[in-house]
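The chain contents come next:
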Amino acid sequence: MPHAADTQSPLLSMEAVDKWYGAFHALKNINLTVRKGEKIVLCGPSGSGKSTLIRCINALEKIEKGTIMVEGTKLDDSGKSIDAVRREVGMVFQSFNLFPHMTILENCTLAPMRVRGTSKADAEKIARKYLERVRILDQADKFPAQLSGGQQQRVAIARALCMEPKAMLFDEPTSALDPEMVKEVLDTMIGLARDGMTMICVTHEMGFARQVADRVIFMASGEIIEEAPPETFFRNPSHPRTQAFLGEILAHH
Amino acid sequence: MGVIGQNELLFLLQGLKWTLLLSAIGFIGGGLFGLIIALARTSAHSALRKSAAGYISVFQGTPLLMQLFVVYYGIALLGVSIEAWVAVAIAFTLHASAFLGEIWRGGIQAIPKGQSEAANALGLHYVSRMKDVVLPQALKVSLPATVGFLVQLIKGTSLAAIVGFIELARAGQIVSNQTYRPLLVFGIVGAIYFVICWPLSLYGAQLEKRMAKAAR
């Protein structure tokens, strides 16, 4: 009998997930549950599998073993399950990946029109709403190359939001940005978090993790090493590898 | 020696008409079919990729002249009688599709992987991913090479003369035989080819320069 705690049922879960690139074991026995509205920050040294992990969630990478469930849909090889998951999960990339031959507005309206069958007028209305929200509506008719990196990344966030996803994946969204542009993107993400979006962020921005994350997950060599609320994670990391990693990156901040 | 009068010039222009028509047929037919070849060549299915690669190697690895012979006499051998221009149009379409397919394959593969990943992440399917995201960018980077191939194709139509087709070069030969003024006639014929091809070459070079600037 389902009860009130059903709102706590997971939006997304990974069970015993393994992935190999040839002989390289990229993900080892990953178990992760994300509830609706939760904000997860994934960190770890480069090559630890954190990007691979989130890329498996929307099937940009295939897994060899285990189960991934998103909103009750089990990801398998069928195009149908992949479509269903991609409709509900938005993604923001390190290198923005805006479509350079389309205006900002067209970047935002393409997927709603093609995937959801939204009319052009409605798609533009939605696009303007989210461009406004990332404070870039005045640039709607420009092309991506005319915008700064920070502005492009905010457009990329708006583009993903236009599909009105239930969860958002961020793959090192600020790593390709000049330092002075990091803040505008983080502020946009913090705003999104405040509005209750479910978010999984691969990032080294520990300030963001402290401020926003419900849980911080540390990965190394394809494994989840440690998982804790940010206060515990930063003040009291239990695993020596986590301690070493935090020592490394906090020394630079 | 005869005179190059109005009639002779008119005859040459008749030939020019066929040269342009053949080029257009080859380019349009080759373009449509070449797009399919390019998509097959970059497909996720290895059988499609391999067949397209084989097709391209055959048509790039044999002379156009031979392709014209094979199509022209081959179809006749099958017992189907077709007009020369149909056979020639088929041969040019096959030939052009192999070259354009390979040019556009390169264009498609030059588009960063992040573009199709972003399209995938947004849930776009193959058709939209190609039509809306990848191909517009791929065709743009391929444009200089495409124009370059069009120039080759226009000059290549002169080979159609070999199966008795009266296009510009063959028309020139006929006029020259009648008037005994080969130098003058082929001078005119060459000038006509040049007037058509040179602006195209210039345009291609300009496109390339503009793109190099944009890429900086």
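The structure presented is a predicted model; accordingly, all values stated were derived computationally and were not measured.

## Describing the environment of B:Ala52
Residues and elements named next belong to chain B. Residue position: Ala52 is located in helix H2 (residues 46-61). Overall, Ala52 belongs to the buried group, its relative accessible area being 4%. Here the alpha-carbon distance between Ala52 and Leu20, two residues 32 residues apart in the chain, equals 28 Å.

## Some details on the state of the cysteines
All names here are of chain A. Tallied over the entire structure, the rule returns 0 disulfides over all chains. Considering cysteine sulfurs only, Cys201 is the nearest to Cys43, which forms no disulfide, with 11 Å between them. With relative accessibility at 0%, the residue Cys43 sits in the buried group.

## A look at the packing of aromatic side chains
Residues and elements named next belong to chain B. Enumeration over the complete set of coordinates arrives at 9 aromatic pairs over all chains. Between Phe33 and Tyr55, the aromatic rings sit 5.9 Å apart at their centres with planes inclined by 85°, giving edge-to-face as the arrangement. A residue pair is termed long-range when its members are at least 10 positions apart, and Phe33 in helix H1 (residues 6-41) and Tyr55 in helix H2 qualify at 22 residues. Residue class for Tyr55 comes out buried when judged on its relative accessible area of 17%. Measuring from centroid to centroid gives 5.6 Å for Phe194 and Trp198, while their planes differ by 15°, and the two rings are stacked. Here Phe194 pairs with Trp198, and both are found in helix H8 (residues 182-215), just 4 residues apart, close to one helical turn. Overall, Trp198 belongs to the partly exposed group, its relative accessible area being 46%.

## Thoughts on the sheet that holds strand E1 (residues 10-21) of chain A
Residue and element names in this part refer to chain A. Within the open sheet, the 4 strands sit side by side as E2-E1-E4-E5. Their pairing is antiparallel. The open sheet has two free edges, formed respectively by strand E2 (24-35) and strand E5 (73-74), since each of these has just one partner strand. Pairing geometry for E1 and strand E4 (residues 65-70), over 5 bridges, is antiparallel. Counted as the bridge partner of Ser13 is Met69 from E4. Contacts from helix H1 (residues 50-57) reach E1, E2 and E4, with the element oriented near 120° to E1.

## With respect to the pairing of strand E8 (residues 198-202) of chain A
All names here are of chain A. A large share of E8 lies buried, amounting to 5 of its 5 residues. Neither face of E8 is left uncovered, since the one carrying Thr198, Ile200 and Val202 and the one carrying Met199 and Cys201 both have all their residues buried. As paired elements, strand E7 (residues 167-171) and E8 share 5 bridges and run parallel to each other. Bridged to Ala167 within E8 is Thr198. For the crossover from E7 across helix H6 (residues 179-194) to E8, the handedness is right-handed.

Cut-off values and rules
- Per chain, residues are indexed from 1 in the order of the written sequence.
- All chains are assigned letters beginning at A, and all ligands numbers beginning at 1, according to the order in which they are written.
- Only residues with pLDDT of 70 or above have their local features reported here, since the model is predicted, and side-chain atom pairs are shown and tallied only from 80 upward, although totals for entire chains, interfaces and linings are computed over all residues.
- The side-chain values count all of the structure's non-hydrogen atoms but skip hydrogen atoms and water molecules.
- Numbering of helices and strands starts at the N terminus; helices are DSSP runs of H or I of at least 4 residues and strands are runs of E of at least 2.
- Buried, partly exposed and exposed residues are distinguished by accessible area as a fraction of the type maximum, computed with a 1.4 Å probe on protein chains only: under 20%, between the cut-offs, and over 50%, respectively.
- Two cysteine sulfurs form what is called a disulfide whenever their separation falls within 2.5 Å.
- Aromatic rings from Phe, Tyr and Trp, taking only the six-membered ring of Trp, are treated as a pair when their centres fall within 6.5 Å; an angle between ring planes under 30 degrees marks them as stacked, one over 60 as edge-to-face, and anything in between as tilted.
- The criterion for strand pairing is that DSSP finds at least two bridges linking the strands in question.
- We call two residues in contact when some of their heavy atoms are within 4.5 Å.
- Orientation is described by lines fitted to C-alpha atoms, with helices fitted over the stretch in contact, and by angles between N-to-C directions that extend from 0 to 180 degrees.
- By convention, orient the strands away from the viewer: a clockwise path from the first strand over the helix to the second makes the crossover right-handed.

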